[in-house]
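Here's the letter readout for the chains.
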Amino acid sequence: MPKNILTRGYRRSLDRAQQLKRTQKIAFAGVGTLGVTAVALAAFPAGAQTTTTSEAAPAAKVAYSSQQQIKDVHAGVADQLAGASQKVAFIEAKQEAAAKKAAAQKKAAAAKKAAAEREAKKTASRSAQRFEVKQVSAKSYPNNLDGWIREARAIMAKHNIPGSYSGIHRNILRESSGNPMAINDWDINAINGIPSKGLLQVIPPTFKAYHVPGTSWNIYDPVANIAAACNYAADKYGSMDNVDSAY
């Protein structure tokens with residue numbers, strides 16, 4: 001009986017001891033937990049959220065990165081718009097300068113054309129005036145032997161063909177008696193089929209060869225006949241003044 005009592009008492013003692021150990025462990029765990037909590041509370045100010053550090057840090061980092069990217073995008077867009085505006089302004093300024101240049105060139109060309117037209121009108125007017133003066137001042141000759149000789153000599157002077165009034169007049173009276181339609185139908189030239197014609201009795205081949213510019217091509221024209229005959233006489237005899245017979 002006493003043996004069993006000891007045994008039960010011993011077991012009870014063991015049970016109490018084990019319970020005491022468990023209670024101490026729990027107490028120590030509670031103290032540890034309180035210590036960790038106190039350290040955490042000391043690290044954050046009052047009123048701070050209870051979010052753990054491992055969760056709060058990444059959230060703050062993500063928020064900062066998003067805002068910075070938006071700012072960078074806004075800055076890039078603003079720079080592109082500014083560059084585009086500068087390009088548009090440059091192109092518009094260049095086009096405006098080109099338009100002004102083209103307008104100035106067109107205006108200058110129009111002014112030059114107008115000046116040329118005015119000058120052409122002035123030149124035409126001066127030419128017309130000179131022509132009118134020339135027409136008015138052109139010397140007229142009577143339609144007779146005297147007029148024919150004087151007109152022929154005026155034309156001959158322009159071509160440096162010699163021949164005095166008296167020398168021409170003398171040979172005309174001998175050759176045709178002053179008849180511009182005279183024709184020789186009996187001498188050797190007539191026999192050969194080329195009769196002498198006109199005031200100074202010139203054959204057609206000679207008239208053609210010694211024709212003087214500015215006169216008619218009609219061999220019976222008195223002025224043309226005198227000029228061609230004097231041109232021939234100057235070539236063969238030096239001057240009509242040196243002719244005293246058939247030539």
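Relevant structure appears above.
A brief structural summary. (Residues numbered from 1 in each chain as written. Predicted model: local features only at pLDDT ≥ 70, side-chain atom pairs only at ≥ 80, totals over all residues. Heavy atoms only, no water.)

Take the packing of helix α3 (residues 145–158) against helix α4 (residues 165–176) next. Taken N-terminus to C-terminus, the directions of α3 and α4 make an angle of 130°; their axes are 10 Å apart at the nearest point. Our classification of the angle between α3 and α4 gives oblique. Between α3 and α4 lies a crossing whose hand is right-handed. Facing Leu 145, Asp 146, Ile 149, Arg 150, Arg 153 and Met 156 of α3, the residues of α4 in contact are Tyr 165, Ile 168, His 169, Ile 172 and Leu 173. Split by residue class, the contact of α3 with α4 holds 7 nonpolar, 1 polar and 3 charged. (Axes fitted to C-alpha atoms, helices over the stretch in contact; angles between N-to-C directions. Helix = DSSP H or I, 4+ residues; strand = E, 2+ residues; numbered from the N terminus. Parallel < 35°, antiparallel > 145°, perpendicular 65-115°, else oblique. Left-handed = near helix turned anticlockwise from the far one by under 90°. Contact = heavy atoms within 4.5 Å. Nonpolar A, V, L, I, M, F, W, Y, C, P; charged D, E, K, R; others polar.)

Here we take up the packing of aromatic side chains. Evaluation of the coordinates by the stated rule reveals 2 aromatic pairs. Judged by centre distance (6.1 Å) and plane angle (35°), the rings of Tyr 232 and Tyr 247 are tilted. One end of the pair, Tyr 232, is in helix α7 (residues 222–237); the other, Tyr 247, is in the segment after α7, with 15 residues separating them in the sequence. In this structure Tyr 247 comes out as partly exposed when scored by relative accessible area, which is 22%. Here the aromatic cluster, defined as three or more aromatic residues joined through ring pairs, consists of Tyr 210, Tyr 232 and Tyr 247. (Phe/Tyr/Trp six-rings, centres within 6.5 Å; stacked < 30°, edge-to-face > 60°. Buried < 20%, exposed > 50% of the residue type's maximum accessible area, 1.4 Å probe, protein only.)

Let us look at α7. Given a rise of 1.5 Å per residue, 16 residues ought to cover 22 Å, and the 21 Å separating the end C-alpha atoms of α7 matches this to within 8%. Taken together, the buried positions of α7 are Pro 222, Val 223, Ala 224, Asn 225, Ile 226, Ala 227, Ala 228, Ala 229, Cys 230, Tyr 232 and Ala 233. At its buried positions, α7 is contacted by α3, α4 and α6 (204–209). The distance from a side-chain oxygen at the start of α7 to the backbone nitrogen of Val 223 is 3.3 Å, and the residue carrying that oxygen is Asp 221. (Expected span 1.5 Å × (residues − 1). Polar contact = N/O pair within 3.5 Å; in protein donor to acceptor, adjacent residues only side chain to side chain.)

What follows covers the pattern of salt bridges. Taken as a whole, this structure holds 4 salt bridges when the rule is applied. For the salt bridge of Asp 146 with Arg 150, the shortest nitrogen-to-oxygen distance reads 3.0 Å. On the criterion of helical spacing, the pair formed by Asp 146 and Arg 150 is a turn pair, its members being 4 residues apart in helix α3. Residue Arg 150 is classed as partly exposed on the basis of its relative accessible area, which comes to 30%. Arg 174 is the salt-bridge partner of Glu 175, the closest N and O atoms lying 3.0 Å from each other. Arg 174 gets classed as partly exposed once you look at its relative accessible area, which sits at 34%. (Salt bridge = Lys/Arg side-chain N within 4 Å of Asp/Glu carboxyl O.)

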